[in-house]
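One-letter residues, chain by chain:
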Amino acid sequence: MSADLSAEIAEEVARAGVRLVASLPDGWIAGLIARVAADARLRHVAVNREESAIGLCSGAYMSGTPALALMGASGFLTCIYAITKINYTYQIPLPIILTTRGEIGDKAKYHVSNGLYLRGVIEAVAMPFVEVRGRADLPEIGRAIRHSRTVARPVAIGLSRRVLKGAD
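Because the structure is a prediction, the values reported are computed rather than measured.

*Asks:* How should the packing of aromatic side chains be read in this particular structure?
*Replies:* Both the distance between ring centres and the angle between the ring planes are used here to describe each pair of aromatic rings. Applying the stated rule across the entire model yields zero aromatic pairs. Here the guanidinium or amino end of R153 rests over the ring plane of Y88, the centre of that ring lying 3.9 Å away.

See below:
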């Protein structure tokens, strides 16, 4: 991910009112994580499990701090129980930016299952999903964050391989 793209995404996140970002290391979004951590408008908290990001961001919301979780697709898939138990039960908004690993063109064979199941899982829990495929889609990040607050539910924002690898 280019430094320019990371800066643009961080700008969309901050402009949408997010103040805390919890993330787990992920190679595809390492640049974005570093940019968020360096942004004075955003407090970054590195976590060791994706479920911890869900809990931390949900608790932040309860204290009046708008938060966002940032993770890879496989990590997101491990969070479904936490999301449905915490966020759906208590109507806690939570924008989640995730990679859409496993798409056609991803050469990592071990991520194929992400591509096979990610959208189906998101649909199964009736979670709004926005996919960012290019720079022209970046404003959708802010719209999705604001929508999460409107509907008091999590929203998934997928960063495609194409946008992350600069094939826009």
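*Asks:* How should helix α3 (residues 50–62) be read in this particular structure?
*Replies:* Since the α-helix advances by 3.6 residues per turn, residues separated by three or four positions end up pointing in the same direction. For α3, which comprises 13 residues, the first-to-last C-alpha distance of 19 Å matches the rise-based estimate of 18 Å (1.5 Å per residue) to within 8%. Looking only at α3, the buried set comprises E50, A53, I54, C57, S58 and A60. Across the axial projection of α3, the buried residues extend over an arc of 160°, all falling on one side. For α3, the elements touching its buried residues are β1 (20–23), β3 (67–71), α4 (73–78), α5 (80–88) and β4 (94–99). Positioned one or two residues after α3, G64 has a phi angle of 95°, which is positive.

*Asks:* When you look at the pairing of β3 in this model, what are you seeing that I'm missing?
*Replies:* Successive residues of a regular strand alternate their side chains across the two faces of the sheet. Along β3, five of the five residues are buried, which leaves the element largely enclosed by surrounding structure. The side-chain alternation of β3 yields two buried faces, one formed by A67, A69 and M71 and the other by L68 and L70. As judged from the four bridges shared by β1 and β3, these two strands associate in the parallel manner. Looking at β3, one finds that L20 is bridged to A67. Pairing analysis gives three bridges linking β3 to β4, with the strands arranged parallel. Within the sheet, the bridge partner assigned to A69 lies in β4 and is I96.

Criteria and thresholds
Residues numbered from 1 in each chain as written. Predicted model: local features only at pLDDT ≥ 70, side-chain atom pairs only at ≥ 80, totals over all residues. Heavy atoms only, no water. Phe/Tyr/Trp six-rings, centres within 6.5 Å; stacked < 30°, edge-to-face > 60°. Lys NZ or Arg CZ within 6 Å of the ring centre and 35° of its normal. Helix = DSSP H or I, 4+ residues; strand = E, 2+ residues; numbered from the N terminus. Expected span 1.5 Å × (residues − 1). Buried < 20%, exposed > 50% of the residue type's maximum accessible area, 1.4 Å probe, protein only. Arc of directions from axis to C-beta. Contact = heavy atoms within 4.5 Å. Pairing = 2+ DSSP bridges.

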